[in-house]
Amino acid sequence: MRKLPHTHSCFVCGESNPLGLKLRFETDGTVVQTRFSPRPEHIGFKQTVHGGITATLLDEIMVWACAVQTRRFAYCAELNVRYKSPAKPGDELIATAELTSNRRNKIFEAKAELKTNSGELIATASGKYLPISGTDAAGMLDDFIGDASDLLK
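Summary of the structure given here.

Rules and cut-offs
- Residues numbered from 1 in each chain as written.
- Predicted model: local features only at pLDDT ≥ 70, side-chain atom pairs only at ≥ 80, totals over all residues.
- Heavy atoms only, no water.
- Phe/Tyr/Trp six-rings, centres within 6.5 Å; stacked < 30°, edge-to-face > 60°.
- Helix = DSSP H or I, 4+ residues; strand = E, 2+ residues; numbered from the N terminus.
- Buried < 20%, exposed > 50% of the residue type's maximum accessible area, 1.4 Å probe, protein only.
- Salt bridge = Lys/Arg side-chain N within 4 Å of Asp/Glu carboxyl O.
- Contact = heavy atoms within 4.5 Å.

## Focus on the packing of aromatic side chains
Then, in step 1: Within this structure, the stated rule accounts for two aromatic pairs.
Then, in step 2: Ring centres 6.0 Å apart and planes at 25° place the aromatic pair Phe-25 and Trp-64 in the stacked group. Remark: Trp-64 occurs in helix H1 (residues 51-70) and Phe-25 occurs in the loop between strand E2 (6-7) and strand E3 (26-27); sequence separation between them is 39 residues.
Then, in step 3: On the accessibility criterion, Phe-25 (2% relative accessible area) is buried.
Then, in step 4: Judged by relative accessible area, Trp-64 falls into the buried class, the value being 2%.
Then, in step 5: A centroid spacing of 5.0 Å and a plane angle of 85° characterise the contact between Trp-64 and Phe-73, whose relative ring orientation is edge-to-face. Here Trp-64 matches Phe-73 in class, with each residue buried.
Then, in step 6: Taken together, the aromatic side chains of Phe-25, Trp-64 and Phe-73 make up a single cluster linked through ring pairs.

## Considering the pattern of salt bridges
Side chains bearing opposite charge may pair, as long as their charged atoms lie close to each other.
Then, in step 1: If you walk through the whole model with that rule in mind, you get five salt bridges.
Then, in step 2: Linking Arg-103 and Glu-109 is a salt bridge whose minimum nitrogen-to-oxygen distance equals 2.4 Å.
Then, in step 3: The class for Glu-109 is buried, based on a relative accessible area of 16%.

## Re the environment of Leu-130
Then, in step 1: Structurally, the position occupied by Leu-130 is in strand E8 (residues 121-131).
Then, in step 2: A relative accessible area of 40% means that Leu-130 is categorised as partly exposed.
Then, in step 3: Remark: the alpha-carbon pair of Leu-130 and Phe-108, spanning 22 residues in sequence, is separated by 6.5 Å.
Then, in step 4: Setting aside chain neighbours within four positions, we find Leu-130 in contact with Phe-73, Ala-74, Tyr-75, Ala-77, Lys-106 and Ile-107.

As far as function goes, none of this settles anything; it's purely spatial.
As structure tokens, this is what we get:
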């Protein structure tokens, strides 16, 4: 697995975002994965991680799965999440995602899942993503830490 770059500002991977999750992603060239241990401030109901945090994580990892396979970053156009079991603060969670379809570089489709370290399924997701234009993507490079140029056309 090779490590992927991250950003300064992103809520999920940004190292300078004081409220962010500060996650790091890695890939084998097809599947993207990350590990996440939710903290008490990520709860919704008592001792249950807020579903919005789960959805955010699944969305972000699918964006990276699209970028790894297509060499283009994309915005979420549609996100479907199925919650199977509640995540708890302190659980070590593993998220994985991969691109499932590239519709002529106009729409990317991806799937993801979130499991506990022991293999319990927390949630699955699918999404459709719209590629960011080359001009807008080039402007994103300033925010990256690590070399993202090989991910952007």
